[in-house]
Amino acid sequence: MQLKRTMWAAAAAATMLVLTACGDAGEDGDGGDGATGDYEVVADPDFEAGSRMAEIAEAGTVKIGVKFDQPGIGFKAAGSDNPTGIDPEMGKIIAGQLGIEADDIEWIETISANREPFLQEGTVDFVIASYSITDDRRKIVGQAGPYYVTGQSLLVAAADDTIKGPEDLEGKKVCSVTGSTSIATVEKEYGATPAGFDTYSECVDQLKNGSVDAVTTDGAILLGYAAEAPEEIKVVGEPFSEERYGVGYSLESPELCEFLNTTLEDALSGDAFQTAFDNTLGKSGNEAPATPTLDPCP
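All figures in this text were calculated on a predicted structure; none of them were measured in a lab.

**Student:** Is there a simple way to explain the pattern of salt bridges in this structure?
**Tutor:** Here the idea is simple: oppositely charged side chains can pair when their charged atoms come close. One pass over the full model with this rule turns up 8 salt bridges. The residue Arg-52 makes a salt bridge to Glu-55 at a minimum N-O spacing of 2.9 Å. Of the two residues, Arg-52 and Glu-55 are both situated in helix α2 (residues 52–59); the distance of 3 residues between them amounts to about one turn of the helix. What makes Arg-52 partly exposed here is its relative accessible area of 25%. For Arg-52, the salt bridge is made with Asp-125, and the minimal N-O distance between the two is 2.6 Å. Linking Arg-52 in helix α2 with Asp-125 in the loop between α4 (115–121) and β5 (126–127), this pair joins segments that are 73 residues apart in sequence.

**Student:** Please explain the packing of aromatic side chains as it appears in this structure.
**Tutor:** Remark: the centre distance and the inter-plane angle together describe each pair of aromatic rings, the angle taken between the planes. On inspection of all chains with the given rule, the structure shows 5 aromatic pairs. With a centroid separation of 6.5 Å and an interplanar angle of 55°, the aromatic rings of Tyr-147 and Tyr-245 are classed as tilted. Highlighted residues: Tyr-147 in strand β6 (residues 142–150) and Tyr-245 in strand β12 (residues 243–249), separated in sequence by 98 residues. Taking the relative accessible area as the measure of exposure, Tyr-147 reaches 1% and is therefore buried.

**Student:** I would appreciate a short explanation of empty space enclosed by the protein in the present structure.
**Tutor:** Regions of empty space are outlined by a rolling probe, equal in size to a water molecule, passed over the atoms. Applying the stated rule across the entire model yields 3 cavities of 30 Å³ or more. Of the pockets and cavities examined, the largest cavity occupies roughly 80 Å³. Forming the walls of the largest cavity are 13 residues, and the residues nearest its centre are Ser-130, Ser-132, Thr-181, Ser-182 and Tyr-200. At the level of secondary structure, the elements contributing two or more residues to the lining of the largest cavity comprise α5 (181–190) and β10 (214–218). Estimates place the volume of the second largest cavity at around 50 Å³. Lining the second largest cavity are Lys-67, Phe-68, Asp-69, Glu-109, Thr-110, Ile-111, Ser-112, Val-177, Asp-198, Thr-199 and Tyr-200. In terms of residue class, the lining of the second largest cavity is built from 4 nonpolar, 3 polar and 4 charged.

**Student:** Help me understand the nonpolar core, please; the structure alone is not making it clear to me.
**Tutor:** Across soluble globular proteins, you tend to see nonpolar side chains buried next to one another. In this structure, Leu-98, Phe-126 and Leu-155 are the most contacted members of the largest nonpolar core, which totals 59 residues. With 7 residues, helix α8 (residues 255–269) is the largest single contributor of residues to this core. Those residues in contact with Leu-98 that lie beyond four places of it in its chain are Pro-45, Phe-47, Met-53, Ile-56, Ala-57, Phe-126 and Phe-259.

Scoring rules and cut-offs
Residues numbered from 1 in each chain as written. Predicted model: local features only at pLDDT ≥ 70, side-chain atom pairs only at ≥ 80, totals over all residues. Heavy atoms only, no water. Salt bridge = Lys/Arg side-chain N within 4 Å of Asp/Glu carboxyl O. Helix = DSSP H or I, 4+ residues; strand = E, 2+ residues; numbered from the N terminus. Buried < 20%, exposed > 50% of the residue type's maximum accessible area, 1.4 Å probe, protein only. Phe/Tyr/Trp six-rings, centres within 6.5 Å; stacked < 30°, edge-to-face > 60°. 1 Å grid on protein atoms, 1.4 Å probe; cavity = no way out; pocket = protein on both sides within 12 Å on 5 of 7 lines; lining within 4 Å. Points joined across faces, edges and corners; volume = space filled by probe spheres on them. Nonpolar A, V, L, I, M, F, W, Y, C, P; charged D, E, K, R; others polar. Core = buried A, V, L, I, M, F, W, Y, C linked by side-chain atoms within 4.5 Å. Contact = heavy atoms within 4.5 Å.

Written out as C-alpha cells, the structure is:
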C-alpha cells in the first residue's frame, strides 16, 4: 500500500508540473534552456588510469541519452537548447562527478527501442531515459540503480468507461513504445493486442483519434499527457507494476557500475537528488518518493 501511495505521489507531481508548463512551454523556471539544478562538479577527479571514467573525464564531455517527449521525466520544448526533467537532472549529477560541467554534456534523444543499441554501439556513454531495470536488459547492457520507482498505469478516452484497470484489457488494442516493458506486460499478462510506436506522443495521438483503446506506461508520464487534454483522455485504475528506473551503461566497461552506484547513493542520501526532484517533479509541492535501495553491482 505504501508503494502505491509513493507511486501516485510522484505521478501527481508530474501532473502539476505539466499543468504549470502547458501555458508556457520551456519556461520551467529555467529560461527554457534546461539550466536547473546547480550540482557539484569535481575538480580533477581521481580515477584509475585506463578506466572508462578516466577516459570520459579526460575528454571533458559526456554523451547522455534521454527522452525528449516525457514531461517532467525528459522533455525538450520547441526552441529550447537542452532537455528538462528528472532524468536530465540525474545526468548533470553524474557528469559533475566526472568533472564535467552541465554545459559540456551532449544530450542525445533516445527512444525506448534504441536504448540498448546506443549503449552497445557507443552512441552514448549513459542512458537515463525512464529506463526500467530488468533481468533481460542486464544480459546485454549494464543498469545501475534504481534511483527512482514508479508504476505502470493506463490512459483511455475520457468518455470510455469500459476500461477501469488491466483486467479489462483482454482483446483491447493497447499502445506503448516499441521495446518497452509496459507493452510486453499488457500483452503477456492481460491479453491485450499490442500496438507499438516510437514515442508516447504518437500513442497518445492514436488514442485521441480512436485507433487504439488505451495507452500504457508509467503513471507519472501518463498523467502528464492527461493534464494537457483532460477533456479528451484520462488515467484509470491503480498502478499494476513496479518500474525501477536505472542508469544504463555498456557491459564493456563494468567499472562504471561501482562509480554510478556510489554517485547515486551520494545523491539520494545527500541534497543532490532532492534538488533534482524539486526542480522537476517536485514543483507541485509534493515530497520526494521514498529512497530506493540500490542493486549491488555484478
